[in-house]
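Reading the structure
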Amino acid sequence: MIKISICDDDLTMCDHLSHMISQKLDTLSTAHTITCHTSAASLLEGPLDFDVLFLDIRMPGTSGISLAKMLRQQDFSGAIIFVTVLKDCMLDAFEVEASDYLCKPIDEIRLENALKRLLKRQKVSQDKRLFIHTMNWCRSVLLCDIFYCEVINRKIYLHTRDGIVEYYGKLKEVQKQLDEHFIKCHRSYIINLAFLKEYSAGQVLLENGSQIPVSRPYHQILLTAMLQYMERSN
């Protein structure tokens, strides 16, 4: 599932672009949701959990460039594609790490190519790995295969679909390689929210049957992360 937002002060353009994108993604057999906004204020009022933003540059009030800068300052890491009649703002687009730049009227082939590039990058993201390097061996593990990580006496245990991978290391070094699906729930445990089945009475139950303790300092952190994860998944 890919979540898309469109922000353009022209409602007709929003609807037209939404229809074009939906047709292309249907052709590419990609499940998607599309939300339209006609102002920066409207977009900022909602959750910033979308994967892609198609953004007009010339809008009354807050311009597309200003809005993109605000989003990046709020740590929005999704793709931004500018859609505009202006052809002289490419340098500004690079400043906010825009993924693409489409000129109106929208060319269907350029739009399709832009979507294909986005889907390719999304697949690469899904193939993220944790790289393990010791004095004697190296190994990589797909993040999506990890149920949880734990540390016992300076030894890391990765509980995965293929069994347990163990090696000497630090949990904080493991955490640096993990993505937003993972949350620390105890000083000795990091869980993959994708496998969370239930949380109650200070215990997390994962889909593989594992029960993981949640310490009091991490209770609210875990609840917040769970809610954010559910919002992103809807």
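Residues numbered from 1 in each chain as written. Predicted model: local features only at pLDDT ≥ 70, side-chain atom pairs only at ≥ 80, totals over all residues. Heavy atoms only, no water.

1. Brief notes about the packing of aromatic side chains
- Under the criterion given, the structure shown has 4 aromatic pairs.
- Measuring from ring centre to ring centre gives 4.9 Å for Phe50 and Phe76, while their planes differ by 50°; the resulting arrangement is tilted. Of this pair, Phe50 sits in the loop between helix H2 (40-45) and strand E3 (52-55) while Phe76 sits in the loop between helix H3 (64-73) and strand E4 (79-84), and the two are 26 residues apart along the sequence. Of the two residues, Phe50 and Phe76, both sit in the buried class.
- For the ring pair Trp137 and Tyr167, a centre distance of 6.4 Å and an interplane angle of 90° mean the geometry is edge-to-face. (Phe/Tyr/Trp six-rings, centres within 6.5 Å; stacked < 30°, edge-to-face > 60°. Helix = DSSP H or I, 4+ residues; strand = E, 2+ residues; numbered from the N terminus. Buried < 20%, exposed > 50% of the residue type's maximum accessible area, 1.4 Å probe, protein only.)

2. Here's the deal with the sheet that holds E3
- The 5 strands are arranged E2-E1-E3-E4-E5 in an open sheet whose pairing can be described as parallel. The sheet is open, and its two borders are formed by strand E2 (32-37) and strand E5 (100-103), each paired with just one other strand. Mean inter-strand twist for the sheet, computed between neighbouring axes without regard to direction, equals 20°.
- In this sheet, E5 lies alongside E4 in parallel orientation, the contact comprising 4 bridges. Within E5, the position partnered with Val83 by the bridge is Leu102.
- Where helix H1 (residues 11-27) meets the sheet, its contacts fall on strand E1 (2-7), E2, E3 and E4, and the angle it forms with E2 comes to roughly 170°.
- Along the sheet, H3 makes contact with E1, E3 and E4, crossing E4 at roughly 175°. (Pairing = 2+ DSSP bridges. Axes fitted to C-alpha atoms, helices over the stretch in contact; angles between N-to-C directions. Contact = heavy atoms within 4.5 Å.)

3. Focus: the sheet that holds strand E10 (residues 163-168)
- Read from one edge of the open sheet, 5 strands run E10-E9-E8-E12-E11, paired in antiparallel fashion. Of all the strands in the sheet, the pair left with one neighbour each is E10 and strand E11 (182-186). Here the average twist between neighbouring strands, direction ignored, is 20°.
- By the bridge criterion, 3 bridges tie strand E8 (residues 146-152) to strand E12 (residues 189-192) in an arrangement that is antiparallel. Counted as the bridge partner of Glu150 is Tyr189 from E12.

4. Let's talk about the nonpolar core
- Leu17, Ile21, Phe54 and Leu111 are the most contacted members of the largest nonpolar core, which totals 21 residues.
- Elements with a minimum of two residues in this core: E1, H1, E3, E4 and helix H5 (108-126).
- With 6 residues, H1 is the single largest residue contributor to this core.
- Apart from residues lying up to four places away in sequence, Phe54 is in contact with Ile4, Ser5, Ile6, Cys7, Leu17, Ile21, Ile81, Val83, Leu102, Leu111 and Leu115. (Core = buried A, V, L, I, M, F, W, Y, C linked by side-chain atoms within 4.5 Å.)

Function-wise, these values are silent; they only describe arrangement.
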